[in-house]
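# Geometric and topological summary
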Amino acid sequence: ETNKIYSSSPLKSFPTNGGKGPLSYANNCQYQKNGVVLTQALIYEEITKKLDTEFLLSHLNPFRISDMGCSAGPNTFIVVQNIIEAVKSKLNLNKDMIDFQVFFNDHSENDFNTLFKSLPVERNYFAAGIPGSFHRRLLPSSSLHLVNTSYALHWLSKIPEEIQDKNSPAWNKGKVHYSSSSKNVEAAYAAQFANDMESFLKARAEEIVHGGFLAVLLPCIPNEANPSKCTINALFEFMGSGLMDMVNMGSVDEAEVDSFNVPLYFPTQAEVETIIERNGCFKIEKMQQICRPMRGFTRQEVENFAMTVRAAMEEVPREHFGSEIAAEIFNRFSEKLVESCVFSDPTYVPMIDLFAFLKRI
């Protein structure tokens, strides 16, 4: 029998800004934190209602949790502690009756130093880091009881090849995203997302014990929505517009823009449901859209939101254009976002998150 291979060449990764400086993700992730807080009660309720007591008693020590796409903190600690409290509540356990082991996962380029320096001193779990892409197997078979992933699955493992091919009808010339591009470009993005999520579910199905759970939180758009009229997609129109301004000024070569695309896709609930059903290893226990209205934002709040976007994805243009151009891209992005009406125009679909709680069957 041939030996199994548990690691291979890394997939493309764009880590969030590390450290704890003014541009770091750790200091600019309030939007994501708010989403995590909004879903705390949902996760707690699902665990306390759906986690089978007999299952728990037969899989107690240790109870293993993984947060996949954890970044550099601190939101991951909120998620993990909420899960642990829910499991303990299910059996009315005190802290000495069960051990919890938590695996924090992200790409190897992630700032794990900041993550582990920020670990709560009084935590009630054993912590470990698992570097690598969650589109592949990361842990032994049937070794996890509950997996969480928040604001990570909308990141693609790679840019679809056809949108960078000049001879393809899906070539995304002059654009950086699919939101206002051709249907061919949108279809290429959608196909890549589907492939990535299928890989993610296949890997988790092997790692999660039967009866265990998978909690997912990711940005989405309504079914049948026009992507160009969704606030989350409009953000990247501002980024592309700023880049074209720089092309017109001569500071960026047009060919460089033509070969640059943002590796983010925001699915509909229907798309996610279809992929889960096709996988066949998970039962949807709960799926709910959470509206994140941002009407009435002050200028400072819009600037703060622009900083959140920068902290989460600055590495994408930095890797392609270099640090100086990337900084200018986000300066222009912030200016255009402040000047826009995207958060006040009622014709734009507001920001929406999709929460899903799945059971391994």
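This one's a predicted model, so the numbers in the text were calculated from it and none came from an experiment.

Reading the values: rules and limits
Residues numbered from 1 in each chain as written. Predicted model: local features only at pLDDT ≥ 70, side-chain atom pairs only at ≥ 80, totals over all residues. Heavy atoms only, no water. Helix = DSSP H or I, 4+ residues; strand = E, 2+ residues; numbered from the N terminus. Rg over C-alpha atoms; globule rule 2.2 N^0.38 Å. Areas by Shrake-Rupley, 256 points an atom, 1.4 Å probe, with all protein chains shown as cover. Lys, Arg positive; Asp, Glu negative; His and termini not counted. Charge placed at Lys NZ, Arg CZ, Asp CG, Glu CD. Expected span 1.5 Å × (residues − 1). Core = buried A, V, L, I, M, F, W, Y, C linked by side-chain atoms within 4.5 Å. Buried < 20%, exposed > 50% of the residue type's maximum accessible area, 1.4 Å probe, protein only. Phe/Tyr/Trp six-rings, centres within 6.5 Å; stacked < 30°, edge-to-face > 60°. Axes fitted to C-alpha atoms, helices over the stretch in contact; angles between N-to-C directions. Parallel < 35°, antiparallel > 145°, perpendicular 65-115°, else oblique. Left-handed = near helix turned anticlockwise from the far one by under 90°. Contact = heavy atoms within 4.5 Å. Nonpolar A, V, L, I, M, F, W, Y, C, P; charged D, E, K, R; others polar. 1 Å grid on protein atoms, 1.4 Å probe; cavity = no way out; pocket = protein on both sides within 12 Å on 5 of 7 lines; lining within 4 Å. Points joined across faces, edges and corners; volume = space filled by probe spheres on them.

A few words now on the overall build of the chain. Along its length, the chain carries eleven helices and seven strands. The C-alpha radius of gyration computed for the chain amounts to 21 Å, which stays within 12% of the reference 21 Å derived for 361 residues, consistent with globular compactness. With respect to the principal axes defined by its C-alpha atoms, the chain has extents near 65 × 50 × 40 Å. In the form shown here, the chain has an accessible surface area of approximately 15900 Å², with 49% of it arising from carbon and sulfur atoms. Averaging the positions of the 34 positive and the 43 negative side-chain charges in the chain gives two centres separated by 4 Å.

End to end, helix α6 (residues 231-249) covers 28 Å across 19 residues, agreeing with the expected 27 Å (1.5 Å per residue, within 8%). Following α6 by one or two positions, G250 adopts a phi angle in the positive range, close to 85°.

This brings us to the nonpolar core. With 79 residues, the main nonpolar core has L201, L214, F305, M313, F333 and L337 as its most contacted residues. A per-element tally of this core places helix α5 (residues 183-207) first, with ten residues. Counting residues in each nonpolar core, the second largest holds 35 residues, with V80, A86, V102 and L115 among its members.

Time to look at the packing of aromatic side chains. Evaluated as defined, the whole model comprises 17 aromatic pairs. With centroids separated by 5.9 Å and ring planes inclined at 65°, the aromatic side chains of F63 and F100 adopt a geometry described as edge-to-face. With F63 in strand β1 (residues 63-68) and F100 in strand β2 (residues 100-106), this pair connects stretches of sequence that are 37 residues apart. F100 shares its class with F63; the two are buried. Note on F330 and F333: the rings are 6.2 Å apart at their centroids and 80° apart in plane angle, and the pair reads as edge-to-face.

In this section: the packing of helix α9 (residues 299-313) against helix α11 (residues 323-339). Remark: α9 packs on α11, axes separated minimally by 9 Å, with the N-to-C direction vectors making an angle of 150°. The orientation of α9 with respect to α11, classified from their angle, is roughly antiparallel. Both α9 and α11 take part in a crossing whose hand is right-handed. Contacts from R299, V302, E303, F305, A306, V309, R310 and M313 of α9 reach α11 at A327, F330, N331, F333, S334, L337 and V338. Its residues placed into classes, the contact of α9 with α11 shows ten nonpolar, two polar and three charged.

Before going further, it helps to spend a moment on the layout of surface pockets. When its volume is computed, the second largest pocket comes out at roughly 190 Å³. As for the second largest pocket, its lining consists of Q30, Y31, N34, R292, P293, M294, F297, E301, N304, F305 and T308. Elements that contribute at least two residues to the lining of the second largest pocket include exactly α1 (30-50) and α9. With four residues, the top contributor of residues to the lining of the second largest pocket is α9. In terms of residue class, the lining of the second largest pocket is made up of five nonpolar, four polar and two charged.

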